Amino acid sequence: MKKIAVLTSGGDAPGMNAAVRAVVRKAMYHDIEVYGVYQGYQGLVTNNIHKMARGTVGDKIQRGGTFLQSARCPEFKDPEVRQKGIDNLKQLGIEGLVVVGGDGSYRGAQRLNEEGIKTIGIPGTIDNDINGTDFTIGFDTALNTIIEAIDKIRDTASSHERTFIVEVMGRDAGDLALWSGLAGGAETVLVPEHKKEIKEIADKIQQGIERGKKHSIIVVAEGVMSGHECGEQLKKYINVDTRISVLGHMQRGGSPSGLDRVLASRLGGYAVELLMNDETGLAVGIQNNKLSKTSFDDIFSATHTLDEQMYALSNELSI
Ligand code: F6P
């Protein structure tokens, strides 16, 4: 393979730049020309495709966001729209494509692979909700952002004897809520994968107050309900001074953690290796700290699950 391209798609995640850098540098090391597709699948269709130089990815490993930018492109589901993108790649003689993104982005990648562009996916999303990998790029950084926020919130919660509800990202997956709740010592974690009765939570807070507890922290994944709704529901059962913190998109930004930079570099390098070996239709990942590859078909045949042992532990530790 002589020419490949790389794009980032879906919600951005810290470490995407490090992944793109690894793809570009690894390919160049092996005398493969690399093109950057700006603005995700939309850029593929509008021909926003530019040749990368070694220096294009200089000074990028430490940056959050994605310098290639990302865009939601629902039109890409349309085969005619996809064909435009394929034609643009073919016109430049590009045979392989690396897509850094979440599972929505993988759907596009799978289609492109079936339609003649050799494609590899790299898991990039803060949600950590992609099958075929233990961790996605961006999860560790977002987790640390949330932990930092929880630690700060705890200070003020304790000073004022308040209950805080911290709303974190995770439309369908509770990983960010569970991991941050566990690491931040939250009293309650609400995840989309499990139902918890608000009355139970209220009872637990009440018991804590009776034991002399100065504050309570509830971490709620946005996919369960909003922080404000959670506060309203809680009010029905208990009269405590409550405040809501919605962390929002700050969770998606920031300089990637060391773990995310290393993960992104390993996965980026491996993606190029697979293309060089003519292996396609796969997403790379990390499983038990070993690089792994999984076909898009296998990735889509299972649903992401929460670590149940960890969920049980978080309940046990937050008594
Ligand atoms: O990247 C995934 C995610 O962070 C979700 O957790 C969140 O619901 C969503 O993106 C929000 O994305 P946007 O505001 O960019 O549409």
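Residues numbered from 1 in each chain as written. Predicted model: local features only at pLDDT ≥ 70, side-chain atom pairs only at ≥ 80, totals over all residues. Heavy atoms only, no water.

So, about the packing of helix 7 (residues 198-210) against helix 8 (residues 227-235). It is at 9 Å that the axes of helix 7 and helix 8 come closest, and there the two elements cross at 70°. What the angle tells us is that helix 7 and helix 8 run roughly perpendicular. Contacts between helix 7 and helix 8 involve Ile198, Ile201, Ala202 and Ile205 on the former and, on the latter, Cys230, Gln233 and Leu234. In terms of residue class, the contact of helix 7 with helix 8 is made up of six nonpolar, one polar and no charged. (Axes fitted to C-alpha atoms, helices over the stretch in contact; angles between N-to-C directions. Helix = DSSP H or I, 4+ residues; strand = E, 2+ residues; numbered from the N terminus. Parallel < 35°, antiparallel > 145°, perpendicular 65-115°, else oblique. Contact = heavy atoms within 4.5 Å. Nonpolar A, V, L, I, M, F, W, Y, C, P; charged D, E, K, R; others polar.)

Turning our attention to the site of the ligand. By nearness alone, every residue bordering the ligand is listed as Gly11, Arg72, Thr125, Ile126, Asp127, Met169, Gly170, Arg171, Glu222, His249 and Arg252. Arginine 72 places a side-chain nitrogen or oxygen 3.1 Å from an oxygen atom of the ligand. With respect to the ligand, the backbone of glycine 170 contributes an N or O atom lying 3.2 Å from an oxygen atom. When the free accessible area of the ligand is taken as 390 Å², the share hidden by the protein chains comes to 77%. For the shell around the ligand, the per-class residue count stands at two nonpolar, four polar and five charged. (Near = heavy atom within 4 Å. Polar contact = N/O pair within 3.5 Å; in protein donor to acceptor, adjacent residues only side chain to side chain. Areas by Shrake-Rupley, 256 points an atom, 1.4 Å probe, with all protein chains shown as cover.)

When you line up the elements, lysine 214 lands in the loop between helix 7 and strand 8 (216-221). The sequence separation of lysine 214 and alanine 271 amounts to 57 residues, and the corresponding C-alpha distance is 50 Å. Apart from residues no more than four positions distant in its own chain, lysine 214 is found in contact with Ala157, Ser158, Glu161 and Arg162.

Taking the UniProt record as the reference, the feature "active site" (unreviewed entry) is found at Asp127. Structurally, the position occupied by aspartate 127 is in the loop between strand 5 (118-123) and helix 5 (139-160). Once you skip the residues sitting within four places of it in the chain, aspartate 127 turns out to touch Thr136, Phe139, Gly170, Ala173, Asp175 and Leu176. (UniProt positions renumbered as here; feature names shortened; annotations may be inferred.)

Our next topic: the sheet that holds strand 8. Strand order in the open sheet formed by four strands is 7-8-6-9, with parallel pairing between adjacent strands. Lying at the two open borders of the sheet, with one neighbouring strand each, are strand 7 (188-190) and strand 9 (242-246). This sheet shows a mean twist of 15° between the axes of neighbouring strands, independent of strand direction. (Pairing = 2+ DSSP bridges.)

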